[in-house]
Amino acid sequence: MASKDDAVGVTAESKAKGKDASRDSRLSFRNFAEHQMRREFKGESLEVHCAPHIKAFAECAEEKGLMVVWSCRGLHKDFNKCMEIHNSNEAWERYKTAHADELEKKVIRSKPN
């Protein structure tokens with residue numbers, strides 16, 4: 001009778017394969033370099049493009065305290081709209097294309113044997 005034990009073995013095996021695939025993608029030097037570039041891109045979005053919106057929302061939140069949810073709703077929406085524009089997947093692809101040479105420099109290549 002191969003019901004419960006086989007089902008557990010199959011799911012455990014499939015989970016292990018999934019973990020291996022996930023681990024390989026996380027440990028890839030290209031993915032690591034892209035992750036670093038994505039962090040730089042997001043930082044630029046926050047510090048350069050959306051800083052006025054963040055500052056306005058922070059000042060409102062500090063002033064209103066617990067009423068921030070209702071009192072600063074418009075400022076929060078403005079901040080989210082700014083982030084949607086400057087931190088979208090389309091903007092990321094444009095940034096990545098524009099900085100492709102920088103990405104290649106960051107990627108550590110393994111030496112052929």
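The structure we're discussing is the one just above.
Note that the coordinates shown come from a computational prediction; the quantities given were computed from them, not determined experimentally.

**Q** How should I be thinking about the pattern of salt bridges in this particular structure?
**A** Close approach of charged atoms allows side chains with opposite charge to pair. Counting across every chain of the model gives three salt bridges. Lys-64 is the salt-bridge partner of Glu-63, the closest N and O atoms lying 3.8 Å from each other. Glu-93 is paired through a salt bridge with Lys-96; the nearest N and O atoms lie 3.7 Å apart. Separated by three residues within a single helix, Glu-93 and Lys-96 lie in helix α6 (residues 89-98), roughly one turn from each other. Connected through salt bridges with shared partners, the residues Glu-34, Glu-93 and Lys-96 form a single ionic network.

**Q** Is there a simple way to think about the side chain of Asn-87 in this case?
**A** Mapped onto the elements of the fold, Asn-87 is located in the loop between α5 (73-86) and α6. What makes Asn-87 buried here is its relative accessible area of 18%. Beyond its immediate chain neighbours, meaning those up to four positions away, Asn-87 contacts Arg-38, Phe-41, Lys-42 and Ser-45.

**Q** Sorry, what's going on with the state of the cysteines here?
**A** Should the sulfur atoms of two cysteines be covalently bonded, the bond is a disulfide. What the rule picks out here adds up to two disulfides. Note that Cys-50 is cross-linked by a disulfide to Cys-82, the S-S spacing being 2.0 Å. When the S-S torsion is -95 degrees, as for the bridge of Cys-50 with Cys-82, the disulfide is left-handed. Placement of Cys-50 in the loop between α2 (29-49) and α3 (51-64) and of Cys-82 in helix α5 is noted, with a sequence separation of 32 residues between them. Between the sulfur atoms of Cys-60 and its disulfide partner Cys-72 the distance amounts to 1.8 Å. Negative torsions about the S-S bond denote left-handed disulfides, and the value of about -90 degrees found for Cys-60 with Cys-72 makes this one left-handed. You can see Cys-60 sitting in helix α3 and its partner Cys-72 sitting in the loop between α4 (68-71) and α5, a full twelve residues away along the chain. Of the two residues, Cys-60 and Cys-72, both sit in the buried class. Numbered in order of appearance, the disulfide-bonded cysteines of the protein are paired 1-4, 2-3.

Thresholds applied
Residues numbered from 1 in each chain as written. Predicted model: local features only at pLDDT ≥ 70, side-chain atom pairs only at ≥ 80, totals over all residues. Heavy atoms only, no water. Salt bridge = Lys/Arg side-chain N within 4 Å of Asp/Glu carboxyl O. Helix = DSSP H or I, 4+ residues; strand = E, 2+ residues; numbered from the N terminus. Buried < 20%, exposed > 50% of the residue type's maximum accessible area, 1.4 Å probe, protein only. Contact = heavy atoms within 4.5 Å. Disulfide = S-S within 2.5 Å.

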